[in-house]
Amino acid sequence: MEPGRQEMTQKTGNGSSISCQPPARLPHYFPADTVYLAVEFFNLTQLPADTLQGIPNLQELHLSSNQLEDLSTKFLLPVPQLKVLDLTRNALSRLPPGLFQVSAALHTLVLKENQLKVLEASWLHSLKALRHLDLSGNQLQTLPPGLLASFTDLLILDLGNNQLETLPPDLLSGPWGLERLHLEGNRLQELGKGLLAHQPKLRYLFLSDNRLATVAAGAFRGLQKLDMLDLSNNLLTTVPEGLWMSLGKAAGNMKDGFDLSGNPWICDRKLDDLFEWLVANEDKMFFRNDTRCAGPKALKGQMLLVVARSP
């Protein structure tokens with residue numbers, strides 16, 4: 001090995017695991033039994049189409065923290081057994097149609113912190129086994145209809161920290177077993193009643209740091225197992241009657257807590273429903289001190305929980 005080179009090869013019963021980081025130079029070839037490959041922190045804008053040729057058993061590929069601008073349509077053809085693809089922190093603005101044409105085994109796709117402004121449903125065709133899709137930290141303003149239509153096994157969807165103002169009504173019509181949904185850090189103004197209607201297994205819902213001013217009365221009706229809800233730092237002043245009770249009995253839900261802080265709540269009789277729910281679930285409430293009334297004038301600045309407890 002050359003002086004200063006940082007390359008680690010580890011042999012296991014399953015095959016070779018290889019990790020390369022600067023100041024290493026990229027090897028010209030990899031062992032034929034390679035099952036894990038990490039090539040990270042290089043200033044690579046492109047990778048040759050045949051980079052993965054000769055390692056047909058590859059199962060995990062980590063290419064994070066490079067400067068990749070594009071990938072060849074043929075890039076993944078040599079690795080049909082690939083299960084995990086991590087492309088975090090690159091410069092991808094698009095994916096070539098057909099990239100995943102032999103990637104039926106892929107269950108984790110991480111495209112976090114790239115430069116994606118648009119998505120086309122066709123880019124993700126063939127990913128029938130996908131369980132974890134991370135598109136966070138991009139510049140997405142809209143999503144195409146039917147994007148997740150074939151992702152029936154999806155468990156985790158991360159769309160956080162984009163620029164989404166609305167979501168297609170059918171966004172979650174494909175995945176029926178979703179457990180974790182990240183929508184924080186977008187520009188969403190409304191949570192409709194249909195988006196979460198068929199998500200009985202959803203456990204974690206992150207909606208903080210949006211512009212939510214409206215939540216539909218039936219928005220949470222289909223959620224039977226919710227363990228955590230984050231609605232902090234939005235524009236909520238009130239919520240419709242019955243919204244909270246649809247989350248079920250206190251003992252069965254929210255075991256990991258909820259956050260309603262950083263909203264301009266108007267503490268009038270319209271919040272009676274919420275007040276009752278807060279008192280029943282106060283032991284699961286985060287940031288009580290930051291969950292305060294913005295009005296009416298007589299209650300401005302008071303903690304929501306204090307008002308909720310008062311006769």
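Please read all numbers here as calculations on a predicted model, not as lab measurements.

**Examining the side chain of Asp227**
- Looking at the element boundaries, Asp227 is found in the loop between β12 (214-215) and β13 (228-230).
- Residue class for Asp227 comes out buried when judged on its relative accessible area of 5%.
- With residues near it in sequence (within four places) discarded, Asp227 still touches Arg203, Met254, Lys255, Asp256 and Gly257.

**Some points on the pattern of salt bridges**
- As enumerated under the stated definition, the model contains six salt bridges in all.
- When the shortest N-O distance is used, the salt bridge between Asp70 and Arg94 registers 3.5 Å. One end of the pair, Asp70, is in the loop between β4 (60-62) and β5 (84-86); the other, Arg94, is in the loop between β5 and β6 (108-110), and 24 residues separate them in sequence.
- Here Arg288 makes a salt bridge to Glu282, at a shortest N to O gap of 3.9 Å.
- What emerges from the salt-bridge pattern is a single network uniting Glu282, Arg288 and Arg309.

**Quick word on the UniProt feature "domain: LRRCT" (unreviewed entry) in the chain**
- Listed under "domain: LRRCT" (unreviewed entry) in the UniProt record, and renumbered for this structure, are residues 263-311.
- This span, residues 263-311, is 31% helix and 10% strand, and a straight line between its end C-alpha atoms measures 23 Å.

**Topic: the side chain of Ser261**
- Among the structural elements, Ser261 can be located in the loop between β14 (258-259) and β15 (265-266).
- Residue classification places Ser261 among the buried positions, given a relative accessible area of 6%.
- One polar contact links Ser261 to Asp259, side chain to side chain, over a distance of 2.7 Å.
- Every residue in contact with Ser261, bar those within four places of it in the chain, is listed here: Leu231, Ser232, Asn233, Phe287, Asp290 and Thr291.

**Quick word on the nonpolar core**
- In terms of nonpolar packing, the biggest core is built from 88 residues, with Phe220 and Trp244 touching the most fellow members.
- Listed by contribution, the elements that provide at least two residues to this core are β2 (16-21), β3 (34-39), α1 (272-280) and α2 (304-309).
- Excluding its chain neighbours within four sequence positions, the residues that come into contact with Trp244 are Phe220, Leu229, Leu231, Val239, Leu260, Asp273, Leu274 and Trp277.

**What about the environment of Gln10?**
- Secondary-structure assignment places Gln10 in strand β1 (residues 6-11).
- Taking the C-alpha atoms as reference points, Gln10 and Thr34, separated by 24 residues in sequence, lie 9.6 Å from one another.
- Sequence-distant contacts of Gln10, that is, excluding residues within four places in its chain, are made with Gly15, Ser16 and Ser17.

**Things to note about unusual backbone geometry**
- Look at the link from Pro22 to Pro23: it is a cis peptide, with omega at 10°.
- Here the bond from Gly295 into Pro296 is cis, since omega is -5°, no more than 30 degrees from zero.
- Tracing the backbone through its elements, the reader meets Pro296 in the loop between β16 (293-295) and α2.
- Positive phi is not limited to glycine here, since Asn161 has a value of about 55°.

**Comments concerning the pairing of β3**
- Among the six residues that make up β3, five are buried, leaving the element largely enclosed by the rest of the structure.
- Sheet topology places β2 next to β3; five bridges connect them, and they run parallel. Paired with Ser19 across the strands is Ala38, a residue of β3.
- Direction of pairing for β3 relative to β4: parallel, over a ladder of three bridges. Residue pairing for β4: Ala38 is matched across the bridge by His62.

Reading the values: rules and limits
- Residues numbered from 1 in each chain as written.
- Predicted model: local features only at pLDDT ≥ 70, side-chain atom pairs only at ≥ 80, totals over all residues.
- Heavy atoms only, no water.
- Helix = DSSP H or I, 4+ residues; strand = E, 2+ residues; numbered from the N terminus.
- Buried < 20%, exposed > 50% of the residue type's maximum accessible area, 1.4 Å probe, protein only.
- Contact = heavy atoms within 4.5 Å.
- Salt bridge = Lys/Arg side-chain N within 4 Å of Asp/Glu carboxyl O.
- UniProt positions renumbered as here; feature names shortened; annotations may be inferred.
- Polar contact = N/O pair within 3.5 Å; in protein donor to acceptor, adjacent residues only side chain to side chain.
- Core = buried A, V, L, I, M, F, W, Y, C linked by side-chain atoms within 4.5 Å.
- Pairing = 2+ DSSP bridges.

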